[in-house]
Amino acid sequence: MNVRRRYILAIVLLGGLIAGPFLLTLALVTAEMSEAERQALADLLLPRLPIGIMMAALGFVIGWAILRGLFREYVHGLQKLTELMRLMLGANRNFRVIPEGPPEVQRLGRTINQLAQQRDDLLTNVEAQIRQANAALEEEKNRLAALMSELNQSVVVCNLDGRVLLYNNRARKQFRSFSPEGGSGGAGALLGLGRSIFSVLDRNLIAHGLERLQSRLAAGESQPATHFVTATRTGQLIRVQMAPVLSAAGIDGAAEESQARNIGGYVLTLDNITRTVENETKRDELLQNLTEGSRAALANIRAAVETLLEYRDIEPEQRERFLHIIDDEVLRMGQRLDRTLDSHADSLKARWPLEEMLGADLIAAAQLRIESRYGLNVRVDELDSDLWIKVDSFSLIQAISYLAGRLQETFAIRLLRFRLTQNGRLAHLDMAWTGTAISTETLHGWEQEPMNLSGESSPLTLHDIMDRHGGELWFKRESATQQAYFRLLIPVAAHQDPLEPVILPRGNGRPEYYDFDLFKRSDQDHALDDRLLTELTYTIFDTETTGLEPSAGDEIIQLGAVRIVNGRLLRQESFEQLVDPRRNMRPESVAIHGIRQEMVDGQPTIAQVLPAFYRYCEETVLVAHNAAFDMRFLQLKEEATGIRFTQPVLDTLLLSALIHPNQESHQLDLIAARLGITLIGRHTALGDAIVTGEVFLRMIPLLNDMGIHTLGEALAASRKTYYARIQY
């Protein structure tokens, strides 16, 4: 029986206790009286009945006031205390009860706080021991996360259902859901923990790759792998290497079952080969142009030569004409070859394994080598610290060291100065010294000789190395400073797309790039309503708008979301995008979220953003605070965009009213404070989504304590709350 029914029953009993004894006594007395006595009693009492009723009513009111106070102080107070105790036991162990109410309830509250403190001390001790025991394991996981993040190759690990268990930054950047020019920098990624790899790669390709791996395992290969090439939605060509992740039975070899059943997942290593294919195509075109363009010329030359050989007594004028034909055709072939080489020089050099590196790192390595090998003093006069170059670092440092050694050996220089600057597509690396200048013939000799100096020998020449880099070696002299210098022209690397920094976890947390617990999961065949809340994948989202009236024309100006996978809030797999509302914003709304009109003008429209958000949140359960407001904005765009969000929606406002019905407010700020969550970035779409996600995660154990374990149970219970009636 709930509190309200008990309260009503207590009032009824109070009325019975006040009126019951009088009525019962009157009934017993009158039962033994004669008719005349009853008439006399009625004549005596009836004139005084109003006073009796007033006294009974006064007693009832006094009793009701006392009863109401007792219920408020004890029954309601104890219920509120029970909710706060559950809060301490489940969501916020640092929360403490504020003793209030009658002395007995206050003493109970202080006792609860003491017990909670003792419990926390014990838990802290246990957690410290667990952290100590897991320290080595966490260190290995952190190393793996850092290593995976720094790899230049894209790496993705999936289970047999195609769910992503691990990925690195390079893979995430390779598959972007939405990247509008001039946007706010928030783009949803198609790749994420728990998401399906089939959203970026064809399911049939993966199935075919698994079949090949299974057949190779069955054939006895210890480290099978398969390769295939596919195209992304943007037209990029991707070379994929696929290798199996064997289950424990497959690794130990102890199981009698077939090897195919021992595959627990697979590793995908992805390389973007678009540029390589383009270079190969250019080389094919180069070969074809040279072949087709030279065939006619060679035919003319051959015909002329055969004529001259066959008719040796040909007249001088005709001989001269044939010689001119040969000369003209040879000249045109040379010009054609030069034009082709100039047009495709970069393609021809693409076969050399040049790597991108920071110019400052190359200078530092060369400086260390020269000082240690030749004892020369080396200074850096001018250095572009942000300049990236594309080089074979080993051979180029070898060439720089060789030049320094020849200078010391030939001219006995004592100080060498470096300068590194950018000039368009080339970097100028200068090696300057004061003193004797070298002749052009000497430099030419150094360029053509194999680099043999101080016991080191190399079959390469300076000319070979500079030609490998598509650069040149110059010698110049500055008359004003009496300095001579070599200038090495080397290619500048393309614009660097820096990796996101690796954020190692604090305490015993784990980086958000991987979650090996997902290996234990598989897709469920039963309906979502029967799935446990702890099993589901969620998209927590929030909107900022021009105003609070979606039906009156207000529009979304920012959309932010974050995902929960396997009970973890994945902040780095977020979605955040400003939206051009195509209307003016209300000043009162700007005062709340701080997004000004000039910040959204020119941003993508909601028709551009919603498809990307739909792909981001598909196959997940939506969660929002006061979800009716946000969902109304999305529903009003269904007709214009053709996008419908049909997945289940959970509302933390309704869940809070369900978990804590006796609390006075269910605003997001107050819920977060009750649950011990620090607020960061409030009234931004992504900031509110993150806070809502943390709130929801702490609500799940509280719902479980109430007997609500599945999505269907949570939805049904939410619909019964008062706030479920709110509509926009």
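Everything numeric in this text was worked out from a predicted model, so none of it was measured.

Draft legend 1. Examining the overall build of the chain more closely. Helix and strand content of the chain: 23 helices and 17 strands. When each of the 728 residues of the chain is scored for burial, the buried share is 41%. A separation threshold of at least 6 residues defines the contact pool for the chain, and within that pool the share at least 24 residues apart is 69%.

Draft legend 2. A look at the packing of aromatic side chains. Taken as a whole, this structure holds 11 aromatic pairs when the rule is applied. Seen from their ring centres, W433 and F486 are 5.1 Å apart, and the 50° between their planes marks the pair as tilted. Residue W433 is found in strand β10 (residues 426-434), and its partner F486 is found in strand β12 (residues 483-491); the two are separated by 53 residues along the sequence. F486 shares its class with W433; the two are buried. One aromatic cluster is present, formed by F541, F575, F613, Y614, Y616 and F645 through successive ring pairs.

Draft legend 3. Quick look at the sheet that holds strand β4 (residues 237-246). Across the sheet, 5 strands lie side by side as β2-β1-β5-β4-β3; this open sheet has antiparallel pairing. In this open sheet, the two edge strands, each paired with only one partner strand, are β2 (164-167) and β3 (226-231). Taking the axes of each pair of neighbouring strands and ignoring which way they run, one obtains an average angle of 25° across the sheet. Here 9 bridges tie β4 to strand β5 (residues 263-272), and the two strands are oriented antiparallel to one another.

Draft legend 4. Broad picture of the confidence of the model for the chain. Averaged over every residue, the pLDDT of the chain is 79; the share at 70 or more is 83%. Overall, residues 178-188 carries pLDDT values under 50, and its contacts beyond four positions in sequence, including any with other chains, amount to 28 contacts. Note that pLDDT drops below 50 for residues 496-516; the model gives that stretch 65 contacts with residues more than four away or on any other chain.

Draft legend 5. Expanded view of the sheet that holds strand β15 (residues 568-578). Strand order across the open sheet formed by 5 strands is β15-β14-β13-β16-β17, with mixed pairing between neighbours. The open sheet is flanked by β15 and β17 (649-651), the only strands paired with a single partner. Ignoring which end each strand starts from, the neighbouring axes of this sheet average 25° apart. As paired elements, strand β16 (residues 621-624) and β17 share 3 bridges and run parallel to each other. Pairing of V623 across the sheet is with L650, part of β17. Helix α18 (residues 627-635) rests against β13 (538-545), β14 (556-565), β16 and β17 of the sheet, and its axis sits at about 75° to β13.

Draft legend 6. Inspection of the pattern of salt bridges at higher detail. Inspection of the entire model under this criterion finds 18 salt bridges. Across the pair R419 and E478 runs a salt bridge whose closest N-O atoms are separated by 3.9 Å. Of this pair, R419 sits in strand β9 (residues 415-423) while E478 is found in strand β11 (residues 472-478), placing the two residues 59 residues apart along the sequence. Among the residues examined, E478 registers a relative accessible area of 26% and is labelled partly exposed. Between E598 and R596 there is a salt bridge whose closest N-O contact spans 2.8 Å. Taking relative accessible area as the criterion, E598 reaches 54% and is therefore assigned exposed. For R596, a relative accessible area of 43% corresponds to the partly exposed category. One network of salt bridges, in which partners are shared, links R419, D430, E478 and R487.

Draft legend 7. Spotlight on the pairing of β2. Note that strand β1 (residues 154-159) and β2 share 3 bridges and pair antiparallel. By the bridge assignment, V157 is partnered in β2 with L166. A loop of 4 residues connects β1 with β2, the two strands running antiparallel in sequence, and G162 in this loop sits at a positive phi of about 85°.

Draft legend 8. Quick look at the packing of helix α11 (residues 359-374) against helix α12 (residues 393-411). Following both chains from N to C, one finds α11 and α12 inclined at 40°, their axes separated by 10 Å at the closest point. When the interaxial angle is binned, α11 and α12 end up oblique. Crossing of α11 against α12: the hand is right-handed. Here α11 contributes L362, A365, A366, R369, I370 and Y374 to the contact with α12, which in turn contributes S393, L396, I397, I400, S401, A404, G405 and Q408.

Draft legend 9. Up close: unusual backbone geometry. Phi is positive for N566, which is not a glycine, with a value near 55°. Relative to the assigned elements, N566 resides in the loop between β14 and β15. Phi is positive for E619, close to 65°, though the residue is something other than glycine. Inspection of the secondary structure assignment puts E619 in the loop between α17 (606-617) and β16.

Draft legend 10. Broad picture of the side chain of S154. Positionally, S154 belongs in strand β1. Here S154 falls in the buried class, since its relative accessible area comes to 1%. Within the structure, the side chain of S154 is placed 3.4 Å from the backbone oxygen of R170, a separation counted as a polar contact. With residues near it in sequence (within four places) discarded, S154 still touches N168, R170, A171, Q174, L268, T269 and L270.

Draft legend 11. Representation of α12 within the structure. Spanning 19 residues, α12 covers 27 Å between terminal C-alpha atoms, matching the ideal 27 Å at 1.5 Å per step. In the stretch just after α12, A412 is the one whose phi turns positive, near 55°.

Draft legend 12. Up close: a nonpolar patch on the surface. Residues I51, M55, L58, I62 and I66 make up a contiguous nonpolar surface patch of roughly 510 Å² in combined accessible area. Tracing the backbone shows M55 in helix α3 (residues 49-89). For M55, a relative accessible area of 53% translates into the label exposed.

Draft legend 13. View of the pairing of β16. Side chains V621 and V623 project from β16 onto one buried face, and the interleaved L622 and A624 project onto a second face that is buried too. Judged from the 3 bridges that link them, β13 and β16 form a sheet pairing that is parallel. Note on β16: the bridge partner recorded for I540 is V623.

Draft legend 14. How the structure looks around α17. For α17, with 12 residues, the first-to-last C-alpha span of 16 Å sits near the 16 Å given by 1.5 Å per residue. Among the residues of α17, I606, V609, L610, A612, F613, Y616 and C617 are the ones counted as buried. Following α17 by one or two positions, E619 adopts a phi angle in the positive range, close to 65°.

Reading guide: rules and limits
- Residues numbered from 1 in each chain as written.
- Predicted model: local features only at pLDDT ≥ 70, side-chain atom pairs only at ≥ 80, totals over all residues.
- Heavy atoms only, no water.
- Helix = DSSP H or I, 4+ residues; strand = E, 2+ residues; numbered from the N terminus.
- Buried < 20%, exposed > 50% of the residue type's maximum accessible area, 1.4 Å probe, protein only.
- Contact = heavy atoms within 4.5 Å.
- Phe/Tyr/Trp six-rings, centres within 6.5 Å; stacked < 30°, edge-to-face > 60°.
- Pairing = 2+ DSSP bridges.
- Axes fitted to C-alpha atoms, helices over the stretch in contact; angles between N-to-C directions.
- pLDDT = per-residue confidence, 0-100.
- Salt bridge = Lys/Arg side-chain N within 4 Å of Asp/Glu carboxyl O.
- Parallel < 35°, antiparallel > 145°, perpendicular 65-115°, else oblique.
- Left-handed = near helix turned anticlockwise from the far one by under 90°.
- Polar contact = N/O pair within 3.5 Å; in protein donor to acceptor, adjacent residues only side chain to side chain.
- Expected span 1.5 Å × (residues − 1).
- Patch = residues over 30% accessible without salt bridge, like charges linked within 9 Å, V, L, I, M, F, W, Y side chains within 5 Å.
- Areas by Shrake-Rupley, 256 points an atom, 1.4 Å probe, with all protein chains shown as cover.

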